[in-house]
Amino acid sequence: MAEQDTPILPAGFPGGIFPAEHKEATAGLPIRRLPVPAVLRVPLKQHIGNPAVATVQPGDRVCKGEVVGKPEGFVSVPVHAPTSGTVTAVDDYPAPHPSGLSAPTVTIEADGADQWTDLTPHPDFEDLRPAEIRSLVRQAGLVGLGGAGFPTFIKLNPGPDRPVDTVLLNGGESEPYLTCDDRLMRERPREILQGGSIIAYTVGARRLVVAIEANKPEALSAMLGAAGGWPQIEVVAVENRYPMGAEKQLILSVTGREVPSGRLPADVGVVTQNVGTAYAVFRALVHGEPLIERVLTASGGALSAPANLEVRIGTPIEEVAAACGGYSDLGRLIMGGPLVGSALHGTAPPVVKETNGLIFQSRAELADGPALPCIRCGACVEACPVHLMPNEMYNLARSKELEKIQDYDLFDCIECGSCAYVCPSRLPLVHYYRFAKNEIQAKEREKEKADIARRRTEAREARLQREKQEREAKRQARKKHARAAQAGEGDSGEDPREEAARKAAEKRRARRGVPAEDSAAPPRNGTAAGGGSEPTR
Ligand code: SF4
Ligand code: SF4
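Residues numbered from 1 in each chain as written. Chains lettered and ligands numbered in written order. Predicted model: local features only at pLDDT ≥ 70, side-chain atom pairs only at ≥ 80, totals over all residues.

**Q** Explain the site of ligand 2 to me, please; I cannot follow it from the model alone.
**A** Ligand 2 sits among 15 residues. The nearest are Cys-374, Cys-377, Cys-380, Asn-391 and Cys-423. If you list the elements that add at least two residues to the shell around ligand 2, you get helix 10 (379-383) and helix 11 (390-398). With 3 residues, helix 11 is the largest single contributor of residues to the shell around ligand 2. (Near = placed C-beta within 6 Å. Helix = DSSP H or I, 4+ residues; strand = E, 2+ residues; numbered from the N terminus.)

Below you can see the structure in the form of structure tokens.
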């Protein structure tokens, strides 16, 4: 079917916004491969979950694709050397995070050879069991490349209680400025579909759907063309409305299934993956390549020559900026899109797996003014795609009424930024929601810690009490045993100590020749009859 005949599925969610797209600066530019920089900085945490643990030390030589950090715990994936060279440091380095803090990082000085480690391709993925594919996907260090950074192997394992019938490849890319997924779909559609097929095989889904926003006609056309030989694949156009690219909103729009609050897409039989992630799955399986590079959009009014670039993970952002002709009049640097991305403090941090965009916004583009009081206009309520009350949540977060704010379904907020975008008072609403979520989660962690400590104390006290009771029981048993033993020798029913004293007195009387019938048991603390002074014990 030609792209112009493809019906456009309307947004199935309420609200949403239509921000200025700013995509024209890069949408027409083919993906350009950035040369490998002289020095790469590879953070050990580039995903949701536990950071990887370094497996190299300064002085080690590494090949491209070699593991330099192994996963720690379940929600974790390895990180790999993006090129061959020498490890020069394993220490803290500025991370691409709004905090501006440093994080453990492996620094590699490139040797220029760019020599691969040994790779094991699996072009016939159907020869593998799903569990083997998940393991390979994990070993390749794959995480969601749409910006979320969630380990892919976990999403590919919905579990036996969640039968999945549909894999939905997300080509929404509804954030302003970003066009890297658009370009990937235009330039590498067959590889994306192969990756999608691997994903569908792994989760046992019969249906593979690629959903693309209607403002990307070339991508739609390319994907439709590539899917031509595969009848089980559907390519659909969806309405161009932000946040169409959000997971739950896309599922609702394409399948009509609503993912309930607090549940996962797999609970309604769907697994979603970004088209970039599907492409990375293809590379990981068919070529055996770990995730060491990605496509990103570098754009924004402050950048001289915006571009779509294929960049090695660990490339310093300043190198990306230099490859785009540098920047001037920078107002704000954002990693990701301007609505859900994170503002960075500088260009020293490296590109990581989650970096789908680097937006160099000029001062003029920001047009920020001071935040003003809420005027209760209700625009934020109308814009919210989740039916929330953003203004009420803002007030509660501001006054730190953390219990009450949960009654407003704070944790259903997908932090899409639609409310803040339409707010005439320029209130940084999403910052307040993030703050409230962090506070609540920190409190829950504290409570959990306190509960664990309380349970440990209670268990210890119970154990001490039990040991005390056992000791007492043993003591009583020994006493009883001793009595029984004495009774076995001649049970007189007499107290053993009195019996011993009586026997001693009898012996003394016998020595003195006093007849036994005249004797009497001596008093416990007195003297023996006959005026002796020997104590009875
Ligand atoms: S950021 Fe949250 S509250 Fe605001 S519009 Fe999006 S989902 Fe609604
Ligand atoms: S859009 Fe802004 S000013 Fe209007 S009600 Fe929401 S928070 Fe208040």
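Okay, back to it.
**Q** Would you mind showing me how to read the sheet that holds strand 8 (residues 85-94) here?
**A** The strands making up a sheet are joined through hydrogen bonds of the backbone, oriented either antiparallel or parallel. Pairing is antiparallel in the open sheet, where 4 strands are placed in the order 3-9-8-5. Two strands close off the open sheet at either side, each with one partner strand: strand 3 (39-43) and strand 5 (61-62). (Pairing = 2+ DSSP bridges.)

**Q** Can you help me understand the pairing of strand 12 (residues 233-238) in this one?
**A** Looking along a regular strand, one sees the side chains alternate between the two faces of the sheet. The buried fraction of strand 12 amounts to 5 of the 6 residues, a majority that puts the element mostly inside the structure. Pairing analysis gives 6 bridges linking strand 11 (residues 207-213) to strand 12, with the strands arranged parallel. Bridged to Ile-212 within strand 12 is Ala-237. The parallel pair strand 11 and strand 12, bridged by helix 5 (residues 217-226), forms a crossover whose chirality is right-handed. (Buried ≥ 20, exposed ≤ 12 C-beta atoms within 10 Å, placed from the backbone. Right-handed = clockwise from strand over helix to strand, strands pointing away.)

**Q** Looking at this structure, I do not really get the site of ligand 1. What am I missing?
**A** Taken together, 15 residues surround ligand 1, and among them Cys-384, Cys-413, Cys-416, Ser-418 and Cys-419 come closest. Only helix 13 (418-422) and helix 14 (429-490) provide two or more residues apiece to the shell around ligand 1.

**Q** I'm lost on helix 11 in this one. Help?
**A** Every α-helix carries 3.6 residues per turn, so stepping three or four residues along brings you back to the same face. Buried within helix 11 we find Pro-390, Asn-391, Met-393, Tyr-394, Leu-396 and Ala-397. Looking one or two residues beyond helix 11, the residue adopting positive phi is Lys-400, at roughly 55°.

**Q** Can you help me understand the environment of Gly-331 in this one?
**A** Positionally, Gly-331 belongs in strand 16 (residues 330-335). Judged by the 16 C-beta atoms lying within 10 Å of it, Gly-331 falls in the partly exposed class. On a C-alpha basis, the gap between Gly-331 and Arg-363 in space is 4.1 Å, while along the polypeptide they are 32 residues apart. Once residues lying within four places of it in the same chain are set aside, the contact partners of Gly-331 are Ala-302, Gln-361, Ser-362, Arg-363, Glu-365 and Leu-366. (Contact = placed C-beta atoms within 7 Å.)

**Q** Explain the sheet that holds strand 16 to me, please; I cannot follow it from the model alone.
**A** Spatially, the 6 strands line up as an open sheet ordered 2-15-14-18-16-17, and their pairing is mixed. Bordering the open sheet on either side are strand 2 (32-33) and strand 17 (342-344), each of which pairs with just one other strand. Each of strand 14 (293-299) and strand 15 (307-312) touches helix 3 (residues 180-187); the most contacted strand, strand 14, lies at about 125° to it. (Axes fitted to C-alpha atoms, helices over the stretch in contact; angles between N-to-C directions.)

**Q** In this structure, what is going on with unusual backbone geometry? I would like to understand it.
**A** Trans is the common state for peptide bonds, and a negative phi is the common state for residues other than glycine. For the bond running from Tyr-242 to Pro-243, omega is 5°, close enough to zero to count as cis. Residue placement: Pro-243 occurs in the loop between strand 12 and helix 6 (247-255). With a phi angle near 55°, Arg-376 is a residue other than glycine that sits in the positive phi range. Phi angles above zero are rare outside glycine, and His-387 is one such case at about 65°. Residue placement: His-387 occurs in the loop between helix 10 and helix 11. Residue His-387 is classed as exposed on the basis of its C-beta count, with 11 C-beta atoms lying within 10 Å.

**Q** Before we go on, may I ask you to explain the packing of helix 3 against helix 7 (residues 275-286) in this structure?
**A** When two helices pack together, their arrangement is given by the angle between the helix axes and the distance between those axes. Closest axis-to-axis distance for the helix 3/helix 7 pair is 9 Å, and the angle between their directions is 50°. It follows that helix 3 is oblique to helix 7 by the angle criterion. Between helix 3 and helix 7, the contacting residues are Asp-181, Leu-184 and Met-185 on the first element and Val-275, Gly-276 and Tyr-279 on the second. A breakdown of the residues in the contact of helix 3 with helix 7 according to their chemical character gives 4 nonpolar, 1 polar and 1 charged. (Parallel < 35°, antiparallel > 145°, perpendicular 65-115°, else oblique. Nonpolar A, V, L, I, M, F, W, Y, C, P; charged D, E, K, R; others polar.)

**Q** Looking at this structure, how should I read the packing of helix 4 (residues 189-203) against helix 7?
**A** Two elements in contact, helix 4 and helix 7, have axes separated by 7 Å at closest approach and are oriented at 80°. By the angle between their directions, the pair helix 4 and helix 7 is classed as roughly perpendicular. Residues Glu-191, Ile-192, Gln-194, Gly-195, Gly-196, Ile-198 and Ile-199 of helix 4 touch helix 7, and the partners they reach there are Val-275, Ala-278, Tyr-279, Val-281, Phe-282, Leu-285 and Val-286. Tallied by class, residues from the contact of helix 4 with helix 7 come to 10 nonpolar, 3 polar and 1 charged.

**Q** Please clarify how the nonpolar core should be interpreted in this entry.
**A** Nonpolar side chains in soluble globular proteins generally cluster together in the buried interior. Within the largest apolar cluster, 128 residues are counted, with the highest numbers of intra-cluster contacts made by Ile-212, Met-223, Val-281, Val-320 and Leu-429. Ranked by residues supplied to this core, first place goes to helix 7 with 8 residues. Among residues more than four places away in sequence, those in contact with Val-320 are Leu-34, Ala-298, Leu-309, Val-311, Thr-315, Val-351 and Leu-358. (Core = buried A, V, L, I, M, F, W, Y, C linked by C-beta atoms within 7 Å.)

So, to be careful, I would describe these as geometric facts and stop short of saying anything about function.
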